[in-house]
Amino acid sequence: MRDLPKNIDADLVIEIGKLLDEHPHMAPVAVHQLAVLARQRVKTGLPDQSIEELVVEMATSRQLAMAFDLPGEGNVVSFPVRR
């Protein structure tokens, strides 16, 4: 793992570690949802993208599968229907 910037809160790193350790190993980690949950549990000034990057790095170091879910209705990609 890379050296963490000085603006990253140690409590946030610990909380993400706990959430990843509690996550079932057979299911992929929903990156956005885990970042939202970590933000709810720990007050931090980091933007969402930085928290998500931290989740990705920590999940990668644990060799966990990840799902890159997007918030909102635009999360669905429509496929053309053959007729």
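For the structure, see preceding data.
Quick summary incoming for the structure in this document. Small disclaimer: the values here were computed from a predicted structure and weren't measured. (Residues numbered from 1 in each chain as written. Predicted model: local features only at pLDDT ≥ 70, side-chain atom pairs only at ≥ 80, totals over all residues. Heavy atoms only, no water.)

1. With respect to helix α1 (residues 10–22)
Test applied: By the criteria applied, helices consist of DSSP H or I runs no shorter than four residues and strands consist of E runs no shorter than two, each listed in order from the N terminus. Working rule for helices: expected span equals 1.5 Å times residues minus one. Think of it in three bands: residues with accessible area under 20% of the maximum for their type are buried, residues over 50% are exposed, and the middle band is partly exposed, with areas taken using a 1.4 Å probe on protein chains only. Pairs of residues are marked as contacts when any of their non-hydrogen atoms sit within 4.5 Å. Residues adjacent in sequence count toward polar contacts only when both atoms are side-chain atoms; beyond that, a polar contact is any pair of N or O atoms within 3.5 Å, and within protein one must be able to donate a hydrogen and the other to accept it.
For α1, spanning 13 residues, the distance from its first C-alpha to its last is 19 Å, which sits close to the expected 18 Å at 1.5 Å a residue. Considered for burial, the residues of α1 that qualify are L12, V13, E15, I16, G17, L19 and L20. For α1, the secondary structure elements touched by its buried residues are β1 (29–30), α2 (31–41) and α3 (48–61). For α1, the capping residue at the N-terminal end is D9, with a side-chain oxygen 3.2 Å from the backbone nitrogen of D11.

2. Some thoughts on the pattern of salt bridges
Two side chains of opposite charge can pair, provided their charged atoms sit close to one another. For clarity, the threshold we go by: A side-chain nitrogen of Lys or Arg and a carboxyl oxygen of Asp or Glu constitute a salt bridge if their distance falls within 4 Å.
Scanning all chains against the criterion turns up three salt bridges. When the shortest N-O distance is used, the salt bridge between E15 and R41 registers 3.0 Å. Here R41 lies in helix α2 and E15 lies in helix α1, a separation of 26 residues in the sequence. Classification of R41 by relative accessible area gives partly exposed; the value is 49%.

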